[in-house]
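Report on the structure
For reference, the chains in residue letters:
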Amino acid sequence: MNFVAHDTMMNIKQTAMGVVLWAVSSLVLAGGVTSTPPATSTPASAPTLAPAPAPASVSPNSEAGWAAYDAGDYDKARRIWQPLAEKGDVRAQRGMGKLYEKGRGVEKDYAAAVKWYRPAAEKGDAESQYRLSVAYGWGLGGIEKDEAKAIEWLRKAAENGQKRAQRSLAKGYEDGLKGLPRDPVKAKYWYDRSMTRE
């Protein structure tokens, strides 16, 4: 295969993966969950938000990994991120997860992606929380499909400012999906919040 054909195939694959991730995030709330959200004493006008987690450790060197990733030098990004991720750098952990999820510079491996997303998600990284929600929603990466955990991680991601998670949660409240009650007030809250900068 010549370079132009390879480049065209890569663009098609990246576009298709983007569409798949959008569809997965939209569908993560489809279906029912057997458990119901806990009752709170918060007024119906606004959902209770968990306090923001303490800032997680991030090395300025992880930024060099993102620069390499954005430039398409995935091997360099991996070489920068892996030692940082092993030491607990949240952005490097998310970067490693993204490399494996997308199959960039490494063989696509959802189990490896989840391995890296989980510690970053547990430290409060909203993007990693969202990716973990998708993994639970679809049973990816060796994780057993668990819609209740998918909603739990989706809610954490939304509370921490992840816009796709906020829109998905709004849709769940709007339509009463995944065991969420139909609640137009909460749906509006999450739709409105998804339109703000955080």
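Placed above this text is the structure.
Because the structure is a prediction, the values reported are computed rather than measured.

Procedures and definitions
The numbers attached to residues start from 1 for each chain and follow its sequence in the written order. In keeping with the model being predicted, local features are shown solely for residues with a pLDDT of at least 70 and side-chain atom pairs are shown and tallied solely at 80 or more, while totals for entire chains, interfaces and linings include all residues. To get the side-chain values, take all heavy atoms of the structure and skip hydrogens and water. A helix here means a DSSP run of H or I that spans at least four residues, while a strand means a run of E at least two residues long, and both kinds are numbered starting from the N terminus. Throughout, exposure labels follow a simple rule: accessible area from a 1.4 Å probe, protein chains only, divided by the maximum for the residue type, with under 20% read as buried, over 50% as exposed, and the rest as partly exposed. Any two residues whose heavy atoms approach within 4.5 Å are treated as being in contact. Only the protein chains shown count as cover for residues, and all accessible areas are computed by the Shrake-Rupley method using a 1.4 Å probe. Grouping buried Ala, Val, Leu, Ile, Met, Phe, Trp, Tyr and Cys residues that are joined through side-chain atoms within 4.5 Å yields what is termed a nonpolar core.

**Details of the overall build of the protein chain**
Scanning the protein chain from terminus to terminus reveals nine helices and zero strands. Tracing the protein chain from N to C terminus, the helices and strands come up as α-α-α-α-α-α-α-α-α. Per-residue burial for the protein chain yields a buried fraction of 40% across its 198 residues. Put simply, 59% of the contacts in the protein chain that link residues at least 6 apart link residues at least 24 apart. Total accessible area on the protein chain is roughly 10600 Å²; 57% of this is exposed by carbon and sulfur atoms.

**Some points on the nonpolar core**
Inside soluble globular proteins, nonpolar side chains tend to come together where they are buried. By size, the foremost hydrophobic cluster in this structure holds 17 residues, and its most contacted members are Y69, W81, M96, L99 and Y100. Sorting the residues of this core by element identifies α2 (60-70), α3 (74-86), α4 (90-102) and α5 (110-122) as the ones contributing at least two each. Ranked by residue count, the leading element in this core is α3, at five residues. In this structure, M96 is in contact with R78, W81, Q82, A85 and W116, ignoring residues within four places of it in sequence. By size, the runner-up hydrophobic cluster in this structure holds 13 residues, among which are I151, A170, Y173 and W190.

The values are spatial; any link to function lies outside them.
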